[in-house]
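Chain and residue survey
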Amino acid sequence: MAGPRYPLEALRKLRDERAEAQAQALAAQIARSEAAETKLREREVARREHALRTAETERSEAGRLAEGVSGADLQRWADFAAAARFQAEALERLESEARRNLVEERARERQLREELSSREAEAELVRRHEHGFHHHHAERQEKADEEAALEQWSARRH
C-alpha cells in the first residue's frame with residue numbers, strides 16, 4: 001500500500017529546481033571566471049614578450065648607435081622608443097583591465113557559491129522533512145498493522 005502523498009511535495013520540487021538552477025548558474029560563472037583568467041594570462045605573456053623584445057632591440061640598437069649615428073638614426077631611435085613605451089603602456093592597461101575583470105568574475109563566483117550553498121541547504125531541509133514525514137507514516141502504518149494483527153489473534157483466541 002502506498003503511503004500518503006507528501007503535502008509539501010511542490011515546495012520540495014521548487015527547492016530542488018532552484019538549487020539545480022543555481023548550480024547551473026554557478027557552472028556558467030566558473031566558465032566565465034576561467035575565461036577571464038585565461039585572458040589575463042595571455043595579456044601577461046604578451047606584456048612580458050613585448051618587454052623582452054623591446055629590451056633586446058634596445059641593446060642591439062645601443063651597440064649600433066655607439067658606432068656613430070646620423071640625425072635620422074637618432075630620430076628613428078627616439079620614434080621607436082616612444083612607440084615601444086606607448087605599446088608597453090597599452091599592454092599594461094589591457095593586463096590591468098583583465099586583472100580587474102578576473103577579480104569581478106571571481107567575486108561573482110563566490111557570491112553564486114554562497115547562494116548555491118543556501119539553496120542546497122533549503123532543499124535538503126525540505127527533503128529531510130519529507131523523509132521524516134514518510135518515515136513517521138510508515139511507523140504509524142506498521143503500528144496499525146501490528147494492532148490489527150493482535151486484534152485478529154485475540155479474536156481467534158476467544
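Here is a short report on the structure shown in this document.

As a further point, take the pattern of salt bridges. Summed over all chains, the structure comprises 18 salt bridges. The salt bridge involving D16 is made with R127; its shortest N-O contact spans 2.4 Å. Placement of D16 in helix α1 (residues 9–66) and of R127 in helix α2 (residues 71–157) is noted, with a sequence separation of 111 residues between them. Classification of D16 by relative accessible area gives partly exposed; the value is 21%. Note that R113 and E109 form a salt bridge whose closest N and O atoms lie 2.9 Å from each other. Of this pair, R113 and E109 both sit in helix α2, four residues apart, roughly one helical turn. Each of R5, E9, R12, K13, D16, E124, R127, R128 and E130 takes part in one network of salt bridges that share partners.

In this fold, H131 is placed in helix α2. By relative accessible area, which is 57% here, H131 ends up exposed. On a C-alpha basis, the gap between H131 and Y6 in space is 9.3 Å, while along the polypeptide they are 125 residues apart.

Attention shifts here to α1. Here α1 contains 58 residues, and its C-alpha end-to-end distance of 85 Å stays within 8% of the 86 Å for a straight helix at 1.5 Å per residue. G68 occupies a position one or two residues after α1 and carries a positive phi of about 120°.

What counts and how
- Residues numbered from 1 in each chain as written.
- Predicted model: local features only at pLDDT ≥ 70, side-chain atom pairs only at ≥ 80, totals over all residues.
- Heavy atoms only, no water.
- Salt bridge = Lys/Arg side-chain N within 4 Å of Asp/Glu carboxyl O.
- Helix = DSSP H or I, 4+ residues; strand = E, 2+ residues; numbered from the N terminus.
- Buried < 20%, exposed > 50% of the residue type's maximum accessible area, 1.4 Å probe, protein only.
- Expected span 1.5 Å × (residues − 1).

Distances and angles like these do not, on their own, reveal function.
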